[in-house]
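Summary of structural features
Single-letter residue listing:
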Amino acid sequence: MAFEMPDDLAEKAAIMREFGRRRAAGEPVSAELHAAHVNATNDRYATGPEPGQRIPDFALPDQNGALRSLSNLSGPNGLLLVFYRSADW
Amino acid sequence: MELERNLAAVRKQGLGVAAISYDSVAVLKNFADRQHITYPLLSDSGSKTIRAFGILNDTVKPDTAFYGIPYPGTYIVNVQGKVQSKYFEDDFRERVSASDILIKESGRQADAARSVSQTKHLRLAATASTQVARPGHRIVLSLDINLNPKMHVYAPGVQGYIPIDWKVEEGPAAKPHVFQYPASQMMHLKVIGETVPVYRERIRMNREITFGPEEALKPLVTPAGELILKGSFRYQACDDRECYLPQTVPLEWHFHFEGLERERVPEELQRKLR
(Lines give C-alpha, C1' and ligand atoms only; values in the text may rest on other atoms or scores of the structure.)
Protein backbone atom coordinates (compact mmCIF):
# COMPACT_ATOMS: atom_id res chain seq x y z
CA MET A 1 0.00 0.00 0.00
CA ALA A 2 1.48 3.36 -1.02
CA PHE A 3 2.15 5.69 1.87
CA GLU A 4 -0.04 8.76 1.86
CA MET A 5 1.01 11.55 4.16
CA PRO A 6 -1.90 12.23 6.50
CA ASP A 7 -3.20 15.76 6.09
CA ASP A 8 -2.34 16.81 9.60
CA LEU A 9 1.31 15.67 9.29
CA ALA A 10 1.73 17.69 6.08
CA GLU A 11 0.18 20.66 7.80
CA LYS A 12 2.48 20.27 10.80
CA ALA A 13 5.52 20.05 8.54
CA ALA A 14 4.42 23.23 6.74
CA ILE A 15 4.02 25.04 10.06
CA MET A 16 7.47 23.94 11.23
CA ARG A 17 9.05 25.04 7.94
CA GLU A 18 7.43 28.47 8.09
CA PHE A 19 8.42 28.96 11.72
CA GLY A 20 12.01 27.95 10.96
CA ARG A 21 12.17 30.19 7.88
CA ARG A 22 10.97 33.24 9.81
CA ARG A 23 13.28 32.66 12.73
CA ALA A 24 16.30 32.14 10.49
CA ALA A 25 15.46 35.36 8.61
CA GLY A 26 14.96 37.31 11.85
CA GLU A 27 11.36 38.00 10.88
CA PRO A 28 8.72 38.37 13.60
CA VAL A 29 6.72 35.31 14.52
CA SER A 30 3.09 35.85 15.51
CA ALA A 31 1.75 34.31 18.69
CA GLU A 32 -0.55 32.14 16.57
CA LEU A 33 2.29 30.74 14.48
CA HIS A 34 4.38 30.11 17.57
CA ALA A 35 1.53 28.26 19.25
CA ALA A 36 0.88 26.21 16.09
CA HIS A 37 4.58 25.37 15.89
CA VAL A 38 4.69 24.30 19.53
CA ASN A 39 1.71 22.00 18.96
CA ALA A 40 3.16 20.61 15.76
CA THR A 41 6.53 19.75 17.31
CA ASN A 42 5.26 18.67 20.69
CA ASP A 43 3.03 15.79 19.71
CA ARG A 44 5.24 13.40 21.55
CA TYR A 45 7.23 16.05 23.41
CA ALA A 46 8.15 14.71 26.77
CA THR A 47 9.71 16.67 29.57
CA GLY A 48 9.96 13.87 32.09
CA PRO A 49 9.05 13.82 35.76
CA GLU A 50 6.73 16.55 36.97
CA PRO A 51 7.06 18.59 40.17
CA GLY A 52 6.24 16.27 43.05
CA GLN A 53 7.47 13.16 41.24
CA ARG A 54 10.76 11.38 41.95
CA ILE A 55 13.42 11.27 39.29
CA PRO A 56 14.87 7.84 38.37
CA ASP A 57 18.01 6.70 40.17
CA PHE A 58 21.19 7.09 38.15
CA ALA A 59 24.92 6.38 38.52
CA LEU A 60 27.07 7.90 35.79
CA PRO A 61 30.78 8.70 35.38
CA ASP A 62 31.81 12.35 35.30
CA GLN A 63 34.55 13.95 33.18
CA ASN A 64 37.18 12.51 35.55
CA GLY A 65 35.74 9.01 35.44
CA ALA A 66 34.33 9.19 38.99
CA LEU A 67 30.93 7.57 39.46
CA ARG A 68 28.28 10.16 40.49
CA SER A 69 24.73 9.81 41.72
CA LEU A 70 22.18 12.02 43.47
CA SER A 71 23.65 11.39 46.93
CA ASN A 72 27.15 12.63 46.06
CA LEU A 73 25.96 15.48 43.81
CA SER A 74 23.31 17.13 46.00
CA GLY A 75 23.84 20.20 48.12
CA PRO A 76 21.86 20.74 51.35
CA ASN A 77 18.88 22.01 49.31
CA GLY A 78 19.07 19.55 46.46
CA LEU A 79 20.43 19.47 42.95
CA LEU A 80 20.20 21.56 39.78
CA LEU A 81 20.32 18.95 37.02
CA VAL A 82 20.71 20.07 33.42
CA PHE A 83 20.10 17.82 30.41
CA TYR A 84 21.74 19.17 27.25
CA ARG A 85 22.31 17.81 23.77
CA SER A 86 26.08 17.65 23.47
CA ALA A 87 29.30 19.18 24.72
CA ASP A 88 30.71 18.67 21.25
CA TRP A 89 28.32 20.17 18.72
CA MET B 1 29.73 28.50 29.70
CA GLU B 2 26.86 30.31 31.31
CA LEU B 3 26.24 27.81 34.10
CA GLU B 4 29.90 27.93 35.15
CA ARG B 5 29.63 31.74 35.40
CA ASN B 6 26.62 31.44 37.70
CA LEU B 7 28.00 28.53 39.72
CA ALA B 8 28.73 30.43 42.92
CA ALA B 9 25.23 31.90 42.95
CA VAL B 10 23.63 28.48 42.40
CA ARG B 11 25.74 26.91 45.16
CA LYS B 12 24.77 29.80 47.45
CA GLN B 13 21.19 28.56 47.08
CA GLY B 14 22.41 25.30 48.65
CA LEU B 15 22.11 23.43 45.37
CA GLY B 16 24.55 20.99 43.85
CA VAL B 17 25.07 21.23 40.10
CA ALA B 18 25.44 18.55 37.43
CA ALA B 19 24.85 18.30 33.69
CA ILE B 20 24.07 15.14 31.68
CA SER B 21 24.63 14.42 27.99
CA TYR B 22 25.27 11.39 25.79
CA ASP B 23 28.93 12.34 25.30
CA SER B 24 31.71 9.95 26.30
CA VAL B 25 33.91 10.65 29.32
CA ALA B 26 36.77 11.52 26.93
CA VAL B 27 34.67 14.12 25.10
CA LEU B 28 33.51 15.61 28.40
CA LYS B 29 37.06 15.76 29.76
CA ASN B 30 38.25 17.53 26.61
CA PHE B 31 35.37 19.99 26.79
CA ALA B 32 35.75 20.63 30.52
CA ASP B 33 39.47 21.33 30.15
CA ARG B 34 39.01 23.71 27.20
CA GLN B 35 36.08 25.60 28.72
CA HIS B 36 37.33 25.46 32.33
CA ILE B 37 34.20 23.73 33.60
CA THR B 38 34.47 22.85 37.27
CA TYR B 39 31.08 21.21 37.93
CA PRO B 40 30.33 17.53 37.13
CA LEU B 41 29.54 16.66 33.52
CA LEU B 42 27.97 13.21 33.50
CA SER B 43 28.40 10.77 30.66
CA ASP B 44 25.23 8.94 29.64
CA SER B 45 26.78 7.36 26.53
CA GLY B 46 24.02 4.88 25.79
CA SER B 47 21.33 7.41 26.77
CA LYS B 48 20.09 4.96 29.39
CA THR B 49 19.43 7.70 31.95
CA ILE B 50 17.97 10.00 29.29
CA ARG B 51 15.57 7.21 28.40
CA ALA B 52 14.79 6.47 32.05
CA PHE B 53 13.77 10.09 32.51
CA GLY B 54 11.50 9.73 29.49
CA ILE B 55 13.06 12.65 27.63
CA LEU B 56 14.74 10.92 24.72
CA ASN B 57 14.18 12.99 21.58
CA ASP B 58 12.54 10.39 19.36
CA THR B 59 12.08 12.70 16.39
CA VAL B 60 15.78 12.17 15.64
CA LYS B 61 16.53 9.30 13.24
CA PRO B 62 18.32 6.26 14.77
CA ASP B 63 20.92 6.13 11.99
CA THR B 64 22.44 9.53 12.75
CA ALA B 65 25.12 10.54 15.24
CA PHE B 66 22.52 12.71 17.00
CA TYR B 67 20.30 9.83 18.01
CA GLY B 68 20.20 9.56 21.78
CA ILE B 69 19.96 13.26 22.55
CA PRO B 70 17.42 14.43 25.11
CA TYR B 71 14.85 17.18 24.94
CA PRO B 72 17.05 19.70 26.74
CA GLY B 73 15.95 21.16 30.04
CA THR B 74 16.69 21.65 33.71
CA TYR B 75 15.28 20.07 36.87
CA ILE B 76 15.64 21.28 40.39
CA VAL B 77 15.24 18.29 42.69
CA ASN B 78 15.39 18.01 46.46
CA VAL B 79 17.76 15.76 48.39
CA GLN B 80 15.30 12.84 48.06
CA GLY B 81 15.16 13.26 44.29
CA LYS B 82 11.71 14.82 44.16
CA VAL B 83 11.26 17.43 41.41
CA GLN B 84 10.71 20.93 42.84
CA SER B 85 10.65 22.75 39.51
CA LYS B 86 11.57 22.21 35.90
CA TYR B 87 12.47 24.42 32.95
CA PHE B 88 11.99 23.16 29.41
CA GLU B 89 11.72 25.32 26.29
CA ASP B 90 9.40 24.72 23.35
CA ASP B 91 11.89 25.73 20.68
CA PHE B 92 15.02 23.57 20.64
CA ARG B 93 17.19 26.56 19.83
CA GLU B 94 16.12 28.38 22.98
CA ARG B 95 16.95 27.66 26.57
CA VAL B 96 16.14 29.14 29.92
CA SER B 97 19.44 30.55 31.16
CA ALA B 98 20.92 29.71 34.56
CA SER B 99 20.66 33.40 35.45
CA ASP B 100 16.93 33.30 34.74
CA ILE B 101 16.44 30.14 36.83
CA LEU B 102 18.38 31.74 39.69
CA ILE B 103 16.09 34.79 39.72
CA LYS B 104 13.00 32.58 39.71
CA GLU B 105 14.27 30.18 42.37
CA SER B 106 15.84 32.67 44.74
CA GLY B 107 13.34 35.52 44.44
CA ARG B 108 16.35 37.85 44.25
CA GLN B 109 16.29 40.90 42.01
CA ALA B 110 18.34 40.89 38.84
CA ASP B 111 21.45 42.93 39.42
CA ALA B 112 23.51 42.86 36.24
CA ALA B 113 23.61 45.36 33.36
CA ARG B 114 22.42 48.09 35.71
CA SER B 115 21.44 51.59 34.60
CA VAL B 116 19.64 54.27 36.60
CA SER B 117 17.47 57.22 35.51
CA GLN B 118 15.85 59.96 37.52
CA THR B 119 12.83 62.11 36.68
CA LYS B 120 10.99 64.78 38.70
CA HIS B 121 8.67 62.09 40.02
CA LEU B 122 10.64 58.89 40.38
CA ARG B 123 13.93 57.03 40.25
CA LEU B 124 14.23 54.04 37.97
CA ALA B 125 16.85 51.27 37.94
CA ALA B 126 16.89 48.88 34.98
CA THR B 127 18.78 45.62 35.42
CA ALA B 128 19.08 42.18 33.86
CA SER B 129 19.78 38.70 35.23
CA THR B 130 23.04 38.60 33.28
CA GLN B 131 25.52 40.88 31.55
CA VAL B 132 25.86 38.47 28.64
CA ALA B 133 23.68 38.16 25.52
CA ARG B 134 23.78 34.64 24.12
CA PRO B 135 21.71 33.48 21.17
CA GLY B 136 18.58 31.65 22.23
CA HIS B 137 18.96 32.36 25.94
CA ARG B 138 15.92 33.40 27.95
CA ILE B 139 16.87 35.93 30.60
CA VAL B 140 15.14 38.27 33.05
CA LEU B 141 14.90 42.05 32.73
CA SER B 142 13.97 44.01 35.86
CA LEU B 143 12.70 47.48 36.63
CA ASP B 144 12.94 48.83 40.14
CA ILE B 145 11.05 52.09 40.52
CA ASN B 146 11.09 54.33 43.59
CA LEU B 147 8.43 57.02 43.55
CA ASN B 148 9.07 60.36 45.22
CA PRO B 149 7.20 60.90 48.48
CA LYS B 150 3.47 61.55 48.03
CA MET B 151 3.60 60.52 44.36
CA HIS B 152 1.46 57.81 42.88
CA VAL B 153 1.14 56.40 39.37
CA TYR B 154 -1.70 54.47 37.81
CA ALA B 155 -2.15 50.77 37.16
CA PRO B 156 -3.30 49.25 33.85
CA GLY B 157 -7.06 49.24 33.57
CA VAL B 158 -7.50 52.67 35.11
CA GLN B 159 -9.94 55.06 33.45
CA GLY B 160 -9.16 58.69 32.83
CA TYR B 161 -5.44 58.57 33.65
CA ILE B 162 -2.40 57.26 31.80
CA PRO B 163 -1.44 53.89 33.33
CA ILE B 164 2.14 52.69 33.58
CA ASP B 165 3.37 50.96 30.45
CA TRP B 166 6.64 49.08 30.27
CA LYS B 167 7.65 48.34 26.69
CA VAL B 168 10.62 46.32 25.52
CA GLU B 169 11.55 46.68 21.86
CA GLU B 170 10.48 43.64 19.90
CA GLY B 171 12.65 42.64 16.98
CA PRO B 172 15.18 40.10 15.77
CA ALA B 173 17.41 40.74 18.80
CA ALA B 174 14.91 39.78 21.45
CA LYS B 175 11.46 38.35 21.92
CA PRO B 176 9.78 39.84 24.99
CA HIS B 177 7.51 37.41 26.84
CA VAL B 178 4.08 38.23 28.17
CA PHE B 179 4.23 39.49 31.72
CA GLN B 180 1.86 40.61 34.44
CA TYR B 181 2.03 43.96 36.14
CA PRO B 182 2.22 43.63 39.94
CA ALA B 183 -0.90 43.96 42.07
CA SER B 184 -1.89 47.59 42.66
CA GLN B 185 -3.58 49.31 45.58
CA MET B 186 -6.92 51.04 45.47
CA MET B 187 -6.73 54.70 46.39
CA HIS B 188 -9.67 56.96 47.09
CA LEU B 189 -9.37 60.39 45.50
CA LYS B 190 -11.52 62.65 47.70
CA VAL B 191 -11.68 65.59 45.30
CA ILE B 192 -13.39 63.63 42.56
CA GLY B 193 -14.91 60.97 44.79
CA GLU B 194 -13.34 58.12 42.85
CA THR B 195 -11.36 55.05 43.83
CA VAL B 196 -8.56 54.21 41.40
CA PRO B 197 -5.87 51.52 41.12
CA VAL B 198 -2.43 52.99 41.83
CA TYR B 199 1.14 52.19 42.76
CA ARG B 200 2.90 54.07 45.52
CA GLU B 201 6.42 54.16 46.92
CA ARG B 202 7.98 51.25 45.07
CA ILE B 203 7.26 49.12 42.01
CA ARG B 204 9.37 46.08 41.15
CA MET B 205 8.76 44.27 37.89
CA ASN B 206 10.42 41.32 36.17
CA ARG B 207 9.86 40.16 32.65
CA GLU B 208 11.63 37.68 30.44
CA ILE B 209 13.06 38.07 26.99
CA THR B 210 14.62 35.45 24.77
CA PHE B 211 17.55 36.50 22.61
CA GLY B 212 17.23 35.71 18.93
CA PRO B 213 19.44 33.33 16.96
CA GLU B 214 23.09 34.16 16.33
CA GLU B 215 22.44 35.31 12.75
CA ALA B 216 19.93 37.89 14.02
CA LEU B 217 22.12 39.19 16.87
CA LYS B 218 25.47 39.47 15.12
CA PRO B 219 24.54 42.39 12.79
CA LEU B 220 23.40 44.39 15.82
CA VAL B 221 26.59 44.01 17.87
CA THR B 222 28.65 47.22 18.18
CA PRO B 223 32.39 47.25 17.39
CA ALA B 224 32.96 47.13 21.15
CA GLY B 225 31.12 43.80 21.30
CA GLU B 226 27.97 45.21 22.91
CA LEU B 227 24.35 44.38 22.23
CA ILE B 228 21.89 47.04 23.38
CA LEU B 229 18.24 46.34 24.13
CA LYS B 230 15.91 49.30 24.17
CA GLY B 231 12.66 49.88 25.93
CA SER B 232 10.57 52.57 27.55
CA PHE B 233 8.56 53.23 30.68
CA ARG B 234 5.54 55.50 30.38
CA TYR B 235 3.64 56.87 33.37
CA GLN B 236 1.55 59.72 34.72
CA ALA B 237 2.39 60.82 38.25
CA CYS B 238 0.13 62.72 40.62
CA ASP B 239 0.64 63.84 44.18
CA ASP B 240 -1.96 64.92 46.73
CA ARG B 241 -2.42 68.28 45.00
CA GLU B 242 -1.96 67.94 41.27
CA CYS B 243 -1.31 65.66 38.34
CA TYR B 244 1.76 66.04 36.17
CA LEU B 245 2.20 65.56 32.47
CA PRO B 246 2.70 61.95 31.34
CA GLN B 247 6.36 61.03 30.85
CA THR B 248 8.10 58.41 28.75
CA VAL B 249 11.51 57.36 30.07
CA PRO B 250 13.77 55.66 27.53
CA LEU B 251 15.44 52.50 28.84
CA GLU B 252 18.55 50.64 27.73
CA TRP B 253 20.12 47.35 28.75
CA HIS B 254 23.73 46.90 27.64
CA PHE B 255 24.96 43.34 27.15
CA HIS B 256 28.23 41.80 26.14
CA PHE B 257 27.55 39.57 23.13
CA GLU B 258 28.82 36.02 23.24
CA GLY B 259 28.37 33.79 20.20
CA LEU B 260 27.83 30.05 20.33
CA GLU B 261 30.84 27.84 20.93
CA ARG B 262 32.00 26.45 17.63
CA GLU B 263 35.11 24.57 18.65
CA ARG B 264 34.74 20.80 18.48
CA VAL B 265 36.58 18.04 20.28
CA PRO B 266 39.46 16.37 18.36
CA GLU B 267 38.29 14.20 15.48
CA GLU B 268 39.14 10.89 17.13
CA LEU B 269 36.76 11.71 19.99
CA GLN B 270 33.86 12.84 17.85
CA ARG B 271 30.76 10.70 17.90
CA LYS B 272 30.43 8.59 14.78
CA LEU B 273 27.43 7.07 13.10
CA ARG B 274 26.34 3.87 14.73
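Rules used throughout
- As a convention, each chain's residues are numbered from 1 in the sequence order in which they are written.
- Each chain is given a letter, starting from A, and each ligand a number, starting from 1, according to the order in which they appear as written.
- Whole-chain, interface and lining totals are the exception, using all residues; otherwise, since this is a predicted model, local features are given only for residues with pLDDT of at least 70 and side-chain atom pairs are given and counted only at 80 or more.
- The secondary structure listing takes helices from DSSP runs of H or I that are at least 4 residues long and strands from runs of E that are at least 2 residues long, numbered from the N terminus.
- Between the buried cut of 20 or more and the exposed cut of 12 or fewer other C-beta atoms within 10 Å of a residue's own C-beta lies the partly exposed class, and all C-beta atoms are placed from the backbone.
- A residue pair is marked as a contact if its C-beta atoms, positioned from the backbone, fall within 7 Å.
- As a working rule, the residues Ala, Val, Leu, Ile, Met, Phe, Trp, Tyr, Cys and Pro are called nonpolar, Asp, Glu, Lys and Arg charged, and the rest polar, with Gly in that last group.
- Strands pair, by our definition, only if DSSP identifies at least two bridges between them.
- Throughout the structure description, domain borders are defined by an automatic or database domain assignment.
- Convention adopted: a line fitted to C-alpha atoms gives each axis, helices being fitted over their contacting stretch, and angles between N-to-C directions are expressed from 0 to 180 degrees.
- For every residue, the predictor assigns a confidence score, pLDDT, that lies between 0 and 100.

Points about the overall build of chain A
- The number of helices and strands found in chain A is three helices and three strands.
- Sequence-ordered secondary structure for chain A, helices as α and strands as β, is α-α-β-β-α-β.
- Taken across its 89 residues, chain A has 21% of its residues classed as buried.

A word on the overall build of chain B
- Check the secondary structure of chain B and you find six helices and 18 strands.
- With respect to the principal axes defined by its C-alpha atoms, chain B has extents near 80 × 50 × 35 Å.
- With 274 residues in all, chain B has 38% of them scored as buried.
- Taking the intrachain contacts of chain B between residues at least 6 apart in sequence as the baseline, contacts between residues at least 24 apart amount to 62%.

Some points on helix α3 (residues 25-35) of chain B
Residues and elements named next belong to chain B.
- Buried within α3 we find Val27, Leu28, Lys29, Asn30, Phe31 and Ala32.
- Contact partners of the buried residues in α3: β2 (41-43).
- Once α3 finishes, His36 follows within two positions and takes phi at roughly 55 degrees, a positive value.

Let's talk about unusual backbone geometry
All names here are of chain B.
- Phi is positive for Ser47, close to 60 degrees, though the residue is something other than glycine.
- As for its position among the elements, Ser47 is in the loop between β2 and α4 (48-53).
- Since 19 C-beta atoms lie within 10 Å of it, Ser47 is described here as partly exposed.
- A positive phi angle, near 65 degrees, is found at Glu201, a position not held by glycine.
- Position of Glu201 among the secondary structure elements: in the loop between β14 (194-200) and β15 (202-211).
- When the 12 C-beta atoms within 10 Å are taken as the criterion, Glu201 is described as exposed.

Concerning the interface of chain A and chain B
- Across the boundary between the two partners, chain A contributes 44 residues, which contact 61 residues of chain B.
- Elements supplying a minimum of two residues to the side of chain A that touches chain B: α1 (7-25), β1 (60-61), α3 (70-73) and β3 (78-83) of chain A.
- Tallying contributions element by element places β3 of chain A first for the side of chain A that touches chain B, with six residues.
- Residues of the side of chain A that touches chain B, tallied by class, amount to 23 nonpolar, 13 polar and eight charged.

Section: the sheet that holds strand β18 (residues 247-257) of chain B
Residue and element names in this part refer to chain B.
- Spatially, β8-β18-β16-β11 is the arrangement adopted by the four strands of the open sheet, whose pairing is mixed. The sheet is open, and its two borders are formed by β8 (132-133) and β11 (165-168), each paired with just one other strand.
- Bridging between β11 and strand β16 (residues 226-235) involves four bridges; their strand directions are antiparallel. The residue of β16 that forms the bridge with Lys167 is Ser232.

Some thoughts on the domain arrangement of chain B
Residue and element names in this part refer to chain B.
- For chain B, the domain assignment lists domain 1 (2-107) and domain 2 (112-257).
- Contact residues are listed per partner, giving 10 residues for domain 1 and 13 residues for domain 2.
- Breaking the side of domain 1 that touches domain 2 down by element, the ones donating at least two residues are β5 (95-96) and α5 (98-106).
- The biggest single contributor to the side of domain 1 that touches domain 2 is α5, with four residues.

What to know about the sheet that holds strand β1 (residues 15-21) of chain B
- Taken in spatial order, the five strands make up an open sheet running β2(B)-β1(B)-β3(A)-β3(B)-β4(B), and their pairing is mixed. In this open sheet, the two edge strands, each paired with only one partner strand, are β2 and β4 (83-88) of chain B. Averaged over all pairs of adjacent strands, the angle between their axes in this sheet comes to 20 degrees, without regard to strand direction.
- As paired elements, β3 of chain A and β1 of chain B share six bridges and run parallel to each other. Following the sheet pairing, Gly78 of chain A is matched in β1 of chain B by Leu15 of chain B.

Some details on the pairing of strand β13 (residues 185-189) of chain B
Residues and elements named next belong to chain B.
- Little of β13 sits out of view: just zero of its five residues are buried.
- In this structure, β13 lies alongside β14, joined through five bridges in antiparallel fashion. The residue of β14 that forms the bridge with Met186 is Pro197.

Notes on the confidence of the model for chain B
- Here chain B averages 91 in pLDDT, while 99% of its residues score no lower than 70.
- Scored as a complex, the prediction yields pTM 0.74 and ipTM 0.77.

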